[in-house]
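A look at the structure
Letter by letter, the chains look like this.
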Amino acid sequence: MQQLKICFLGTGSMGSAVLQGLVAAGHPTKLISATTRSEESAAKLRAAGISALSLESSSDANELLSSDADVVVLGVKPYQIADVLTEIRSELPKDAVVISMAAGIELTTMAEKLPEHNNLIRSMPNTPALVGKGVTGLAAAPQAAPGAIEIATWLFEAVGEVVEVAEKQINALSAISGSGPAWMYFLVEKWEQVAIANGFTEEQAATLVRGTLAGSAQLLASTGEEPAELRRKVTSPGGTTERIIATLENAKLEQLFEAALQAAVARAKEIAGDKG
Ligand SMILES: NC(=O)c1ccc[n+]([C@@H]2O[C@H](COP(=O)([O-])OP(=O)(O)OC[C@H]3O[C@@H](n4cnc5c(N)ncnc54)[C@H](OP(=O)(O)O)[C@@H]3O)[C@@H](O)[C@H]2O)c1
C-alpha cells in the first residue's frame, strides 16, 4: 500500500482530513496529489508539500492528476460527482480504485459515468477523521476486485475506524456516523443552554457539559463496559438521575432519534434521485 499513488479530487474539509491522516500515517507526500476549485486552496496544499492543482489555474486539473493514480478519492460535493467522473473517465487507469465520499451518490450512478472501471467504492467518513478518530462506512460495487475494498479500508484506517457494509445500509450509516458529530454537537448546545438557563455562566456551562462529555466518552472507551452498565453506576434507585432518565424515556427519545434518522435517509434518497 505504501507505493500507491493517491489522488484527491476536491480537497476541502473531508478530503483534507483524510489526506492529512494519510500523511501522518507516513504515506510519502510525493505519492499524493490533490485538486481544488480555487488557486488559494491549492497553494495551501502545495505549501504542505502536496502536488496540488486548482481548476481555477488548470481547467483539466482533475483529468491531469488522476491520469496515473492508483486510487482516486472524490471529495467534491455530491452534485459535482457526475461531472468530475465524466472529466476523468478517458484518462483514468482502468484498474484504479475510485472512492466517493459523497452523501447520497449511489454506486450505480458512479458506474454509469465510469462503465469501464470496476473498482468503485462508496465511503461515508465523518469529521473526527480530522483528529484521527473518524468512523468510516464503506460499500464496494459488486464488480469491484476484493483488493479494492482492502485499499479503501487501509486508506480510511489512517484516520480512524472502518465498518464495511452493504450499500443498502449506507444511507442509515450516513445518518448515524456521517452526520453523527452534528447530533452530538446539537446535544451539547442544548445541554449548555439548559445549564445557562439555570444560572451558570457560559464558561461554567461549557466546562460542565464538554468536560462531562469528554470524560464519559473516555470512560466508555477505556473500561469497555456497556453504556447501560455505566449509566446504572450513576443511577441510584430512587435518586435524582433516575428522574432524568425517566423524563427522557417519557419523551420517547428513541422514537425521536428514529424519526431523525429516517428524515436523513429520505433526503439521501432524494439526492440519489436527483443524481446529486
Ligand atoms: N463534511 C462532512 O462532514 C462530510 C462527511 C461525510 C461525507 N462528506 C462528503 O464529502 C464531500 C466533500 O464535503 P466537504 O464538507 O469536504 O466539502 P468542502 O469543504 O466544500 O470541499 C469541497 C472541495 O472540493 C473542491 N472543489 C470544488 N469544485 C471542484 C471541482 N470541480 N474539482 C475539484 N475540486 C473541486 C473545493 O475547492 P476549494 O477549496 O477551492 O473551494 C474543496 O476543496 C461531499 O460530497 C460530502 O457529501 C462530508
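Residues numbered from 1 in each chain as written. Predicted model: local features only at pLDDT ≥ 70, side-chain atom pairs only at ≥ 80, totals over all residues. Heavy atoms only, no water.

Looking at unusual backbone geometry
- Even without being glycine, K252 reaches a positive phi, approximately 55 degrees.
- Note that K252 resides in the loop between α11 (240-250) and α12 (253-273). (Helix = DSSP H or I, 4+ residues; strand = E, 2+ residues; numbered from the N terminus.)

Quick notes on the site of the ligand
- In the vicinity of the ligand there are 23 residues, among which M14, S38, S41, V76 and Q80 approach most closely.
- In the model, an oxygen atom of the ligand is placed 2.9 Å from a nitrogen or oxygen of the R37 main chain.
- A distance of 2.9 Å separates a nitrogen atom of the ligand from a polar atom in the side chain of Q80.
- In isolation the ligand exposes 900 Å². Once the protein is present, 80% of that is buried.
- Cavity membership is defined here by more than half of the atoms lying within 2 Å of grid points; on that basis the ligand lies in the second largest pocket. (Near = heavy atom within 4 Å. Polar contact = N/O pair within 3.5 Å; in protein donor to acceptor, adjacent residues only side chain to side chain. Areas by Shrake-Rupley, 256 points an atom, 1.4 Å probe, with all protein chains shown as cover. 1 Å grid on protein atoms, 1.4 Å probe; cavity = no way out; pocket = protein on both sides within 12 Å on 5 of 7 lines; lining within 4 Å. Sits in = over half its atoms within 2 Å of the grid points.)

Remarks on the packing of helix α7 (residues 170-178) against α12
- Between α7 and α12, the least distance of the axes is 9 Å, while the angle of their chain directions is 130 degrees. With respect to their mutual orientation, α7 and α12 come out oblique. The crossing of α7 and α12 is right-handed. On α12, the residues touching N171, A172, A175 and I176 of α7 are L261, A264, V265, A268 and K269.
- Tallied by class, residues from the contact of α7 with α12 come to 7 nonpolar, 1 polar and 1 charged. (Axes fitted to C-alpha atoms, helices over the stretch in contact; angles between N-to-C directions. Parallel < 35°, antiparallel > 145°, perpendicular 65-115°, else oblique. Left-handed = near helix turned anticlockwise from the far one by under 90°. Contact = heavy atoms within 4.5 Å. Nonpolar A, V, L, I, M, F, W, Y, C, P; charged D, E, K, R; others polar.)

Comments concerning a nonpolar patch on the surface
- Where nonpolar side chains cluster on the molecular surface, the patch consists of M184, Y185, L187, W191, L213, I244, L248, L253, L256 and F257 and spans about 930 Å² of accessible area.
- Going through the elements one at a time, α8 (180-197), α11 and α12 are the ones with two or more residues in the nonpolar patch.
- The biggest single contributor to the nonpolar patch is α8, with 4 residues.
- Residue position: L256 is located in helix α12. (Patch = residues over 30% accessible without salt bridge, like charges linked within 9 Å, V, L, I, M, F, W, Y side chains within 5 Å. Salt bridge = Lys/Arg side-chain N within 4 Å of Asp/Glu carboxyl O.)

Quick look at the domain arrangement of the chain
- Each domain of the chain was delimited in the assignment, giving domain 1 (6-167) and domain 2 (180-271).
- For domain 1 versus domain 2, the separation of C-alpha centres amounts to 33 Å. (Domains from an automatic or database assignment.)

Quick look at the pairing of strand β2 (residues 32-36)
- The element β2 is largely enclosed, with a buried count of 5 among its 5 residues.
- Across the two faces of β2 the burial is the same, with I32, A34 and T36 and S33 and T35 all buried.
- Two elements, strand β1 (residues 6-9) and β2, share 4 bridges in a ladder whose sense is parallel. Along β2, the bridge assignment pairs C7 with S33.
- The pairing of β2 with strand β3 (residues 51-54) spans 4 bridges and is parallel. Paired with S33 across the bridge in β3 is S51.
- Handedness of the β-α-β unit built from β2, helix α2 (residues 39-47) and β3 comes out right-handed. (Buried < 20%, exposed > 50% of the residue type's maximum accessible area, 1.4 Å probe, protein only. Pairing = 2+ DSSP bridges. Right-handed = clockwise from strand over helix to strand, strands pointing away.)

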